[in-house]
Amino acid sequence: MPRLNDVFVVGLVANLPSGKYDAAGNLVQLALPVFVVHGKRDYGERQITDSKSHKSTTQRGSSLIWILSNNEDFINEMKACKPFDIVEAKGVIRVVPTRKKCTCPECGEVHFYDSTKTTVYPLYFSVRKSYAEKYGIESFAVGRISESLLKKVEDEAWTEVERCLEISDGIQLIGVICKEPELYQRDSDHRPMLTFPLAVKRKYFIPEADMTVNVDFPYIKLYGKHAVEHQKTLNRANLILVDGFINSREIIRKISCDKCELSYKIKELIHEIIPYSVEYIRSNISDTDFNRVDKAYRPKLIGSEADPILTYKSPQEQSDEDVAAGRGGDGYGEDIKRILDNMEG
């Protein structure tokens, strides 16, 4: 059974990198935030209509991703990066469970919640262009650079990234669908969306990773006509190929404080894979195994036969929390585990 986990990035450095140090004070890991833009190919959602709309670093069609490495050579290159540098990388996606913390605004109590950290682990990394070097800029801090020069650099950097938009944010995966796809309607405009976690077996040795973990569970999200079309053919345990891009978006998470009983909201950035195309490879599941799938994961058909829509009664926030908490791997079943164990290298 084939394995595939390929990511290619050409992006704009969003900020200075952040590092992780060992007990002796040595830099052992570095994370570089990068803005990327996805291509104009049809993915079932509204497309970018104005490629020159880079008014800010939150332009439509852009996503914020992190390139993270513990490789000494890559660390040395990444730590020299400045904002608005144009960088390129080829690597693999990693989705690692983690615990994040927040603080109650009323009583100051610290809370922890389950989430994930999605990063690109580079196998290749390079700086394409440095505007700090081009214009002799020592710092992008407020007061250290004129507004006119900052705007000039920003416009040039975004223009360069948009010139590379068809290769700026690309990902290809082969994996096994580990829960029944859920098709529901978006609250804002009732557009259909199909979501499911994909079990992707790791192909490369990652030195700092937990060696007992060899599977990542990115969430896949299809929009519009793609969602409706694929809900008819995709099922749990299908082996599929996904060609798409990494999308980042903000969600609102509700937190309840046990100490003062206040319910408050926090913002969280999550990542999903949005496909341009999904190719069915094979089923991987027998009729007997399929009948054992928990019926709670099976959607119900509503609407007319001419315009069928599958939906779940759970609110969209719950789906967002599933994505954020990486629940694709929770209880995905012995049949899925058996398929993954039998995947060849």
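From a predicted model like this one, the values you see are computed outputs, not experimental measurements.

The rules behind these values
Residues numbered from 1 in each chain as written. Predicted model: local features only at pLDDT ≥ 70, side-chain atom pairs only at ≥ 80, totals over all residues. Heavy atoms only, no water. Helix = DSSP H or I, 4+ residues; strand = E, 2+ residues; numbered from the N terminus. Buried < 20%, exposed > 50% of the residue type's maximum accessible area, 1.4 Å probe, protein only. Contact = heavy atoms within 4.5 Å. Areas by Shrake-Rupley, 256 points an atom, 1.4 Å probe, with all protein chains shown as cover. Salt bridge = Lys/Arg side-chain N within 4 Å of Asp/Glu carboxyl O. Arc of directions from axis to C-beta. Polar contact = N/O pair within 3.5 Å; in protein donor to acceptor, adjacent residues only side chain to side chain. pLDDT = per-residue confidence, 0-100. Pairing = 2+ DSSP bridges. Phe/Tyr/Trp six-rings, centres within 6.5 Å; stacked < 30°, edge-to-face > 60°.

1. A closer look at the overall build of the protein chain
Okay, step 1: Scanning the protein chain from terminus to terminus reveals eight helices and 15 strands.
Okay, step 2: Counting all 345 residues of the protein chain, 52% fall into the buried class.
Okay, step 3: Considering only contacts within the protein chain whose residues lie at least 6 apart along the sequence, 74% involve residues at least 24 apart.
Okay, step 4: Total accessible area computed for the protein chain in this model is approximately 17400 Å², and 49% of it derives from carbon and sulfur atoms.

2. A short note on the pattern of salt bridges
A side chain of one charge can pair with a side chain of the opposite charge if their charged atoms are brought near each other.
Okay, step 1: Tallying each qualifying case throughout the model produces 18 salt bridges.
Okay, step 2: Among the ionic pairs, R41 bridges to E166, the shortest N-O distance being 3.5 Å. Residue R41 is found in the loop between β3 (27-37) and β4 (62-69), and its partner E166 is found in helix α4 (residues 165-168); the two are separated by 125 residues along the sequence.
Okay, step 3: Judged by its relative accessible area of 37%, R41 falls in the partly exposed class.
Okay, step 4: As a salt-bridge pair, D216 and R202 come within 2.8 Å of each other at their nearest N and O atoms. Pair noted here: D216 is in strand β10 (residues 215-216) and R202 is in the loop between β9 (192-201) and β10, with a separation of 14 residues, a long-range link. Considered together, D216 and R202 belong to a single accessibility category, that of buried residues.
Okay, step 5: Residues joined in a network through salt bridges with shared partners are R41, E166 and D243.

3. Things to note about helix α1 (residues 72-79)
Okay, step 1: For α1, the complete set of buried residues consists of F74, I75 and M78. What you see down the axis of α1 is that its buried residues fit within an arc of 100°, all on one side. Facing away from the buried surface of α1 by more than 90 degrees, the exposed residues are E72 and D73.
Okay, step 2: Tucked inside the fold, the buried residues of α1 contact β3, β4 and β6 (110-129).
Okay, step 3: The N-cap of α1, judged by a side-chain oxygen 2.9 Å from the amide nitrogen of D73 a few residues on, is N71.

4. A few points about unusual backbone geometry
Okay, step 1: Despite not being glycine, F84 shows a phi value in the positive range, around 75°.
Okay, step 2: Looking at where F84 falls in the secondary structure, it is placed in the loop between α1 and β5 (86-103).
Okay, step 3: With a phi angle near 65°, E261 is a residue other than glycine that sits in the positive phi range.
Okay, step 4: Looking at the element boundaries, E261 is found in the loop between β12 (239-256) and β13 (263-282).

5. Considerations on the confidence of the model for the protein chain
Okay, step 1: Taken over all residues, the pLDDT of the protein chain has a mean of 81, while the share at 70 or more is 77%.
Okay, step 2: Low confidence marks residues 47-60, where pLDDT is under 50. Its contacts with residues over four positions away, or in another chain, come to 30 contacts.
Okay, step 3: Counting interchain partners and residues more than four positions distant, the pLDDT-below-50 stretch residues 288-318 has 48 contacts.

6. Overview of the pairing of strand β2 (residues 18-21)
Okay, step 1: Across four bridges, β2 lies against β3 in antiparallel orientation. Of the residues in β3, the one forming a bridge with S18 is A31.
Okay, step 2: Linking two consecutive strands that pair antiparallel, namely β2 and β3, is a turn of five residues; a positive phi of about 85° is found at G25 within it.

7. Looking at the pairing of β9
Okay, step 1: Of all 10 residues making up β9, 10 are buried, and the element is well covered by its neighbours.
Okay, step 2: Residues of β9 alternate between two faces, with P192, L194, F196, L198 and V200 on one and M193, T195, P197, A199 and K201 on the opposite face, all of them buried.
Okay, step 3: Inspection of the sheet shows strand β7 (residues 169-177) paired to β9 by two bridges, in the antiparallel sense. Bridged to I177 within β9 is L198.
Okay, step 4: Bridge count between strand β8 (residues 182-185) and β9: four bridges; the pairing is antiparallel. From the neighbouring strand, Y184 faces β9, where its bridge partner is M193.

8. Quick word on the packing of aromatic side chains
Okay, step 1: Tallied over the entire structure, the rule returns five aromatic pairs.
Okay, step 2: Ring geometry for Y43 and F245: centres 5.2 Å apart, planes at 80°, overall edge-to-face. Placement of the pair is Y43 in the loop between β3 and β4 and F245 in strand β12, with a sequence separation of 202 residues.
Okay, step 3: The class of Y43 is buried, set by a relative accessible area of 7%.

9. Notes on the side chain of T119
Okay, step 1: For T119, the location among the structural elements is in strand β6.
Okay, step 2: Judged by relative accessible area, which is 5%, T119 ranks as buried.
Okay, step 3: When sequence neighbours within four positions are dropped, the list of residues in contact with T119 reads W66, L68, V92, I93 and R94.

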